[in-house]
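Residue-level structure breakdown
Spelled out, the chains give:
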Amino acid sequence: MATEGDPTDLVKVLHLLVLSFSWGMQVWVSFIAGFALVWQVTLHTFGLVQSKLFPVYFYCLLGSHFVSLAVYAVYHPRELLDWHESVQMALYFVALIMAGLNAQWFGPAATEVMFQMREVEKEHGLGNQIGLGSQKEAYAKLKEQDPKYKAYKSTFGRYHGLSNLCNLIGFICTTTNLIYTALNLSTI
């Protein structure tokens, strides 16, 4: 149910492009790029690439979720929302919050701790291997013997896990909104 008339074709196209951009970026960064990269470069190179990629990714998501929410809110005033539109509005808002948490808190915190871990790993000759599986014993031994590294690893795991959770929740919100939008297209 729209207010003050239906959106123009330009607004509809903008809304669909921004939503599609968000979804495509989330699929690529979350499910393709990281998995392909981790098996091709050293772990420290992988971490460096992620530390440069993620801020751009999180802020692009933040901006695109803001635009999607703003466009949707303009054409769907709260007083006139039906149940499905209320759910969609909430999903836009949750996606925006999740991207904001990652951009401002979890992403930078995980990156900072990753660099601290990296320094300890360098001191012990670790991090130059390709892939996740190599030198598991050496990493386990380091974690056992160095309480500082163990604390870094724990903190990194917590921030990385929260960042992944926010990213997954945001992806589910974007996917659901894309489905809602597709189901409401009059024709393709």
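These figures come from a predicted structure and were not determined experimentally. (Residues numbered from 1 in each chain as written. Predicted model: local features only at pLDDT ≥ 70, side-chain atom pairs only at ≥ 80, totals over all residues. Heavy atoms only, no water.)

What about the overall build of the protein?
Helix and strand counts for the protein stand at five helices and zero strands. Helices and strands appear in the protein in the N-to-C order α-α-α-α-α. For 188 residues, the compact-globule estimate of 2.2 N^0.38 gives 16 Å, and the C-alpha radius of gyration of the protein, at 20 Å, exceeds that figure by more than 25%. Its C-alpha atoms give the protein principal-axis dimensions of about 65 × 30 × 20 Å. Buried positions account for 40% of the 188 residues belonging to the protein. The long-range fraction of contacts in the protein, counting pairs at least 24 apart against all pairs at least 6 apart in sequence, stands at 82%. For the protein, the computed accessible surface area is about 11,100 Å², with 68% contributed by carbon and sulfur atoms. (Helix = DSSP H or I, 4+ residues; strand = E, 2+ residues; numbered from the N terminus. Rg over C-alpha atoms; globule rule 2.2 N^0.38 Å. Buried < 20%, exposed > 50% of the residue type's maximum accessible area, 1.4 Å probe, protein only. Contact = heavy atoms within 4.5 Å. Areas by Shrake-Rupley, 256 points an atom, 1.4 Å probe, with all protein chains shown as cover.)

Thoughts on helix α1 (residues 9–38)
Under the 1.5 Å per step criterion, the end-to-end length of α1 is 42 Å for 30 residues, consistent within 8% with the ideal 44 Å. Bending of α1 peaks at approximately 40 degrees at the position of Val29. Along α1, the positions that sit buried rather than exposed are Val11, His15, Val18, Leu19, Ser22, Met25, Gln26, Val29, Ser30, Ala33, Gly34 and Val38. (Expected span 1.5 Å × (residues − 1). Bend = angle between axes of the 7 residues up to and from the residue.)

Details of the state of the cysteines
If you walk through the whole model with that rule in mind, you get zero disulfides. Looking at Cys173, it has no disulfide partner, and the nearest cysteine sulfur is the one in Cys166, 11 Å off. (Disulfide = S-S within 2.5 Å.)

Thoughts on the environment of Gln40
Note that Gln40 resides in the loop between α1 and α2 (43–75). Residue Gln40 is classed as exposed on the basis of its relative accessible area of 57%. With 90 residues separating them in the primary sequence, Gln40 and Ile130 have C-alpha atoms 6.4 Å apart.

Section: the packing of α1 against α2
Describing two packed helices takes the angle between their axes plus the distance from one axis to the other. Two numbers describe how α1 lies on α2: the axes approach to 9 Å, and their chain directions differ by 160 degrees. If you check the angle between α1 and α2, you find them roughly antiparallel. The way α1 lies across α2 gives a crossing that is left-handed. Taken together, the residues of the contact of α1 with α2 break down into 19 nonpolar, nine polar and no charged. (Axes fitted to C-alpha atoms, helices over the stretch in contact; angles between N-to-C directions. Parallel < 35°, antiparallel > 145°, perpendicular 65-115°, else oblique. Left-handed = near helix turned anticlockwise from the far one by under 90°. Nonpolar A, V, L, I, M, F, W, Y, C, P; charged D, E, K, R; others polar.)

A short note on a nonpolar patch on the surface
Together, Trp28, Phe31, Ile32, Phe35, Leu168 and Ile172 give the surface a local cluster of nonpolar side chains, amounting to about 620 Å² of exposed area. Mapped by element, the contributors of at least two residues to the nonpolar patch are α1 and α5 (147–183). In terms of residue count, the dominant contributor to the nonpolar patch is α1 (four residues). (Patch = residues over 30% accessible without salt bridge, like charges linked within 9 Å, V, L, I, M, F, W, Y side chains within 5 Å. Salt bridge = Lys/Arg side-chain N within 4 Å of Asp/Glu carboxyl O.)

Some remarks on the packing of aromatic side chains
Here the distance between the centres and the angle between the planes together describe a pair of aromatic rings. Summed over the entire model, instances satisfying the criterion amount to seven aromatic pairs. Considering the side-chain rings of Phe31 and Phe171, the 5.2 Å spacing of their centres and the 70 degrees angle between planes classify their relative orientation as edge-to-face. Of this pair, Phe31 sits in helix α1 while Phe171 sits in helix α5; the two residues are 140 residues apart in sequence, bridging distant segments of the chain. Judged by relative accessible area, which is 42%, Phe31 ranks as partly exposed. Residue classification places Phe171 among the buried positions, given a relative accessible area of 14%. Taken together, a centroid distance of 5.5 Å and an interplanar angle of 45 degrees make the contact between Phe54 and Phe58 tilted. Taken together, the residues Phe54 and Phe58, both in helix α2 and four residues apart, mark about one turn of the helix. By relative accessible area, Phe54 is classed as partly exposed at 23%. On the basis of relative accessibility, which here comes to 4%, the residue Phe58 falls in the buried class. Three or more aromatic residues joined by ring pairs make a cluster, and in this case those are Trp23, Phe31 and Phe171. (Phe/Tyr/Trp six-rings, centres within 6.5 Å; stacked < 30°, edge-to-face > 60°.)

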